[in-house]
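Commentary on secondary and tertiary structure
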Amino acid sequence: MVIGASRYRQIAVGSLLSLSVIIVSGAAVRLTNSGLGCDDWPNCNSERFVDVSSAHSAIEQVNRLFTGVVAAAVIAAVLGSMLRERRRRDLVAISWLLVAGVVANALLGAVTVWVDLHPYAVQGHLLLSMGLIAAGAVLVRRSGEEDDQPRSLTVDPRSRLLAILLVVGVSVVIVTGTVVTGTGPHAGDEDAVRLGVDIASAARVHGVSVMVTIL
């Protein structure tokens, strides 16, 4: 079976959407204090693989089960890159990167549960997810380009510098944002450990980084 370029781009968009949705569902887990609604992994608890007997366990369970959708989407991206009518190395490499990232994040999610939502583990879980979003966005962009389009486009030095500064700024915003949430009240569970950082100072640093990046 061979698939066309337009069809593969649809697959790439689907993988990016699934990666985005699971971040939102993960946020719902955290904001509803459902992070330890399932206190084991891969089972929900010591008695059941799937447990929706309480609101917290149901919310966490939905987030976990959606990982299967994400896995299917990124595997489809890999298979599609192999079956594409004109196989391209860049699309194959990026799609395999998505698979590796999803597997790594699933394992990190297990560690996060095992350490009772320690903020460092939760931070790493989100940061890896944002890296997957970036890779997924690149896959969508690349899959929409013509196969013979040159990869080295001419960009003037000032534009390139501004682009680099934007990437750095957004990265700082995301990292400082995880420090704020790792210090603040939304831990994912009422008894989860918090970072020993003053919340006002953390929020101030994050806010300044946001304003500088916008500027």
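Everything discussed here concerns the structure shown above.
I will try to describe carefully the structure that is included in this document. (Residues numbered from 1 in each chain as written. Predicted model: local features only at pLDDT ≥ 70, side-chain atom pairs only at ≥ 80, totals over all residues. Heavy atoms only, no water.)

Before going further, it helps to spend a moment on the pattern of salt bridges. In the structure shown here, the tally under the stated rule is seven salt bridges. Linking D51 and R48 is a salt bridge whose minimum nitrogen-to-oxygen distance equals 3.3 Å. For R84, the salt bridge goes to D147, with nearest N and O atoms at 2.8 Å. Residue R84 is located in the loop between α2 (55-83) and α3 (89-114), and its partner D147 is located in the loop between α4 (119-143) and α5 (157-183); the two are separated by 63 residues in the primary sequence. For R84, a relative accessible area of 4% puts it in the buried group. On the basis of relative accessibility, which here comes to 22%, the residue D147 falls in the partly exposed class. (Salt bridge = Lys/Arg side-chain N within 4 Å of Asp/Glu carboxyl O. Helix = DSSP H or I, 4+ residues; strand = E, 2+ residues; numbered from the N terminus. Buried < 20%, exposed > 50% of the residue type's maximum accessible area, 1.4 Å probe, protein only.)

Structurally, R64 can be placed in helix α2. Of the residues examined, R64 reaches a relative accessible area of 14% and is grouped as buried.

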